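A structural walkthrough
This is what each chain is made of:
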Number of protein chains: 2
Amino acid sequence: MPAFYKRHHRKADGRELILYSLSPLTAEALPEPLEAFGPAPHLRYHPLRREWVVYAAHRQERTFLPPKEHCPLCPSREGSFPTEIPFPEFQVAVFENRFPSLVPGPPPPPEGLPVAVGEALGRCEVVVYTMAHTGSLAALSEEERLLLAWVWRERYQALYAMEGVRFVMPFENRGEAVGVTLHHPHGQIYAYPFVPPVLERESQAFREGAVLLDLFPHLDPYAVDQEEGFLAFVPPFARYPFEVWVAPRERHPGPWTFSEGEMAAFARLLGRVVARYDALYGEPFPYVMVFHAAPLGEEGTFHFHVEFYPPRRTRDKLKFLAGTELGAGTFVVDALPEETARLLREAL
Amino acid sequence: MPAFYKRHHRKADGRELILYSLSPLTAEALPEPLEAFGPAPHLRYHPLRREWVVYAAHRQERTFLPPKEHCPLCPSREGSFPTEIPFPEFQVAVFENRFPSLVPGPPPPPEGLPVAVGEALGRCEVVVYTMAHTGSLAALSEEERLLLAWVWRERYQALYAMEGVRFVMPFENRGEAVGVTLHHPHGQIYAYPFVPPVLERESQAFREGAVLLDLFPHLDPYAVDQEEGFLAFVPPFARYPFEVWVAPRERHPGPWTFSEGEMAAFARLLGRVVARYDALYGEPFPYVMVFHAAPLGEEGTFHFHVEFYPPRRTRDKLKFLAGTELGAGTFVVDALPEETARLLREAL
């Protein structure tokens, strides 16, 4: 584990902020405005799809503290408008989302609804990858990316230790094509009080067989890149034309069981996958990246992996999810995985 | 059943075209170009999500026969560029999709893949709602909409009679926000050789309880509109802010068991839901509309309903599906169903 400095800060509105850095963090906090949270979220159960839906109605009024010309994820400077981070320096910053879908102390859900309801217990965090306003997982230095990987690992451990949390998912939404208007490199983490449907199905599959271990010997035509102990590949059953998975060759329930060497290899490979995406068309490639680690209780069989879903079909065309995908759950894909794997292999 | 005329035509490239009209269809077919189909689709099984994925690689080269200024869903006129419909008149037209994801006589799937494969058996149809280039389900005359409803019913019966088909789904993708660039009012129908995952879960729920019948007595705050025997409502567990369902108050497996009066009420209510959507912001409201009828073998318990998924959160803002929705299967919604139901009630 790289030696790093860490600093906890309680924001004026009560939210936690954690700064991480390879050099000491000594600056004093700048003054912060006190902003009220909106109404608290709650859960409702969808009786036909059999899944929880999260209602976070205050998200409609989502605004950002700073004016437009000032990014809320940049460090704050003396005298300037306050950002989410009232410090002049950090390397990685994690803070509680100001408009959370899941919260540590949720109020009781509304009464009298004609469906099952639940408390939206959990936590939603924002992970700022770097002080720099532009960049990406690919553009970070190796040292910065490694620290970020250790931050994910630490957040996994902290959030799985929260009473009632059953699944923790770091993810990144990148690009306007997936609805992101904040370009400062960042991701998020959701800690859920239930095992979400996709993870329930994956858990069951892993309980019944070592799906990824069985697949690895056959992935040559699908390989995109590799590092010692890790493989990046387009799954032969990809649901998005440029879908890529990154997984350790041996089974790990999550990054928290990686060796130091594995942490470094994992961080490097993630960076290189994004570099390949960006090289494909010579511009930042939009994607949704999700980490699938073992839900609580599945540590014995679940195989950690990262899934990237890019919404692009070609340079100019987006893949839209519509009737068959949204209404039936069956994806139609225009491109063969063996072909997009080749394009991504040749991109760098 | 309204008396209507029907005409079968085999297009030059072998695809079937069926015209429907309340007046006789006597014009001769105009000449058609012979366009080759692309490579045939196949299925691959996703071993972690446990669902079939359809590979239709030729869809990448999707082009339309006619030049840009000519809509391929308009009727053809003598001497003009040919459209998909080589006739000068029709009221509703159904034809096999030129770039199908599922086909009646699929070739064997590729061999040697490291995942389970299957034949992409089925059929993909385009349903042109009207000869008029502009309009919508709301803008059709009552007579036109009723004929369309009967066409859906007939296609249900024809496609469920196809050997190997297990689920039939009419749907409509409307608006550029869901990826549609053809503005001529139209929908599609997919006939699948398997029960897609969403329908599997709904079928199981209906086998275990009369979910919709149990819900109906409690829907007053969620009601949007109604017709004799039918209700339009925002489900109290909506996954999209303006999601609306239309369902018969008594259980029907599909429109094929509706009485004549129910067919008319259903068609009217569907049209009025779209009119309410369009009235909301004074412009065509984008949506994905899907019909959920009983998959093969579920006719005894499944309750037919229509689901509308609009991608709008507000007038200016789209709802993007991202990390939590795509990667975990858990939807976060900004608006309360009881509130959007009120907006839709008051829109007309």
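Residues numbered from 1 in each chain as written. Chains lettered and ligands numbered in written order. Predicted model: local features only at pLDDT ≥ 70, side-chain atom pairs only at ≥ 80, totals over all residues. Heavy atoms only, no water.

1. Brief notes about the relation of the copies chain B and chain A
This is how the line gets drawn: In superposing the copies, a least-squares fit is computed on C-alpha atoms, taking residues whose pLDDT is at least 70 in both.
Each copy of the sequence occupies a distinct position, and chain B is placed on chain A by a rotation of 180° and an axial shift of 0.0 Å, giving an RMSD of 0.0 Å. The superposition operator between the copies reduces to a two-fold rotation axis. Minimal C-alpha separation from the rotation axis in chain B is found for Leu321 of chain B, amounting to 4.5 Å.

2. Concerning the pattern of salt bridges
The line we're drawing: Throughout this description, the term salt bridge denotes a Lys or Arg side-chain nitrogen within 4 Å of a carboxyl oxygen of Asp or Glu. Secondary structure elements follow DSSP: runs of H or I no shorter than four residues count as helices, runs of E no shorter than two count as strands, and numbering proceeds from the N terminus.
As enumerated under the stated definition, the model contains 50 salt bridges over all chains in all. The salt bridge involving Glu32 of chain B is made with Lys11 of chain B; its shortest N-O contact spans 3.1 Å. Placement of the pair is Glu32 of chain B in the loop between strand 2 (16–21) and strand 3 (42–46) and Lys11 of chain B in the loop between strand 1 (5–10) and strand 2, with a sequence separation of 21 residues. Shared partners join several salt bridges into a network, and the residues in it are Lys6, Glu16, Glu96, Arg123, Glu125, Glu154 and Arg155 of chain A.

3. Description of the side chain of Thr324 of chain B
The following threshold applies: Identification of polar contacts relies on pairs of N or O atoms within 3.5 Å, with a donor-acceptor requirement for protein atoms, meaning one able to donate a hydrogen and the other able to accept it, and with residues adjacent in sequence counted only if both atoms are side-chain atoms.
Within the element layout of this structure, Thr324 of chain B appears in helix 5 (residues 323–328). A distance of 3.0 Å separates a polar atom in the side chain of Thr324 of chain B from the backbone oxygen of Thr330 of chain B.

4. Overview of helix 2 (residues 197–208) of chain A
Put simply, the test is: Multiplying one less than the number of residues by 1.5 Å gives the expected span of a helix. The buried label applies to any residue whose accessible area, calculated with a 1.4 Å probe on protein chains only, is under 20% of its type's maximum; exposed applies above 50%, and partly exposed to all values in between.
The terminal C-alpha atoms of helix 2 of chain A lie 17 Å apart, and with 12 residues this matches the ideal 16 Å at 1.5 Å per residue to within 8%. If you check which residues of helix 2 of chain A are buried, you get Pro197, Val198, Leu199, Arg201, Glu202, Ser203, Ala205 and Phe206 of chain A.

5. Notes on the nonpolar core
Stated precisely, the cut-off is as follows: Within this scheme, the nonpolar core is defined by two criteria: the residues are buried Ala, Val, Leu, Ile, Met, Phe, Trp, Tyr or Cys, and they are joined through side-chain atoms within 4.5 Å. Only heavy atoms matter for contacts: two residues are in contact if any of them lie within 4.5 Å across the pair.
Core analysis: the biggest nonpolar cluster contains 202 residues, and Phe308 of chain A together with Phe308 of chain B have the highest contact counts within it. When sequence neighbours within four positions are dropped, the list of residues in contact with Phe308 of chain A reads Glu243, Val244, Val246, Leu270, Val273, Val274, Tyr277, Tyr287, Val288 and Met289 of chain A. Counting 14 residues, the second-largest nonpolar core is a separate cluster that includes Leu17, Cys71, Phe90 and Leu182 of chain B.

6. Brief notes about empty space enclosed by the protein
Operational definition: Two kinds of site are reported from a 1 Å grid over the protein atoms alone, namely cavities, where a 1.4 Å probe fits but cannot get out, and pockets, open sets with protein on both sides within 12 Å along at least five of seven lines, and residues are called lining when an atom falls within 4 Å of a point. Grid points are joined across faces, edges and corners, and a volume is the space filled by probe spheres set on the points.
The tally for this structure, following the rule as stated, stands at 3 cavities of 30 Å³ or more. Put simply, the largest cavity is a space of about 320 Å³. Lining the largest cavity we find 22 residues, and of these Arg49, Arg239 and Glu325 of chain A together with Arg49 and Arg239 of chain B sit closest to its centre. Counting only elements with at least two residues in the lining of the largest cavity, the list comes to helix 2 and helix 5 (323–328) of chain A together with helix 2 (197–208) and helix 5 of chain B. In terms of residue count, the dominant contributor to the lining of the largest cavity is helix 2 of chain B (3 residues).

7. Here's the deal with the packing of aromatic side chains
Pairs of aromatic rings are described using the distance from one ring centre to the other and the angle between the two planes. Put simply, the rule is: Geometry of aromatic contacts follows a simple scheme: Phe, Tyr and Trp rings, the Trp one being its six-membered ring, pair when their centres are within 6.5 Å, and the pair is stacked under 30 degrees between planes, edge-to-face over 60, tilted otherwise. Two limits define a charge over a ring: the Lys NZ or Arg CZ must be within 6 Å of the ring centre, and within 35 degrees of the ring normal.
The full count for this structure, using the stated rule, is 63 aromatic pairs over all chains. Summarising the aromatic geometry, the rings of Phe216 of chain B and Phe233 of chain B are spaced 6.2 Å apart at their centres and angled 80° between planes, so their arrangement reads as edge-to-face. Within this pair, whereas Phe216 of chain B is found in the loop between helix 3 (211–215) and strand 10 (223–227), its partner Phe233 of chain B is found in strand 11 (residues 230–233), the two being separated by 17 residues in sequence. Residue classification places Phe233 of chain B among the buried positions, given a relative accessible area of 0%. Sitting above the plane of the Tyr55 of chain A ring, Arg44 of chain A keeps its charged end 4.6 Å from the centroid.

8. Focus on the packing of helix 1 (residues 142–160) of chain A against helix 4 (residues 260–281) of chain A
Residue and element names in this part refer to chain A. Here is the rule: Orientation is described by lines fitted to C-alpha atoms, with helices fitted over the stretch in contact, and by angles between N-to-C directions that extend from 0 to 180 degrees. By the definition adopted for this analysis, an angle is roughly parallel if under 35 degrees, roughly antiparallel if over 145, roughly perpendicular if from 65 to 115, and oblique otherwise. Two helices crossing with the near one rotated counterclockwise from the far one by less than a right angle form a left-handed crossing, whereas a clockwise rotation gives a right-handed crossing.
Packing of helix 1 against helix 4 leaves a shortest axis separation of 9 Å and a crossing angle of 115°. Between helix 1 and helix 4, the angle falls in the class roughly perpendicular. Considering only the axes of helix 1 and helix 4, their crossing is right-handed. Contact residues: Glu142, Arg145, Leu146, Ala149, Trp150, Trp152 and Arg153 in helix 1; Glu260, Met263, Ala264, Ala267, Arg268, Leu270 and Gly271 in helix 4.

9. What about unusual backbone geometry?
Phi angles above zero are rare outside glycine, and Arg50 of chain A is one such case at about 60°. In this structure, Arg50 of chain A sits in the loop between strand 3 (42–46) and strand 4 (51–55).

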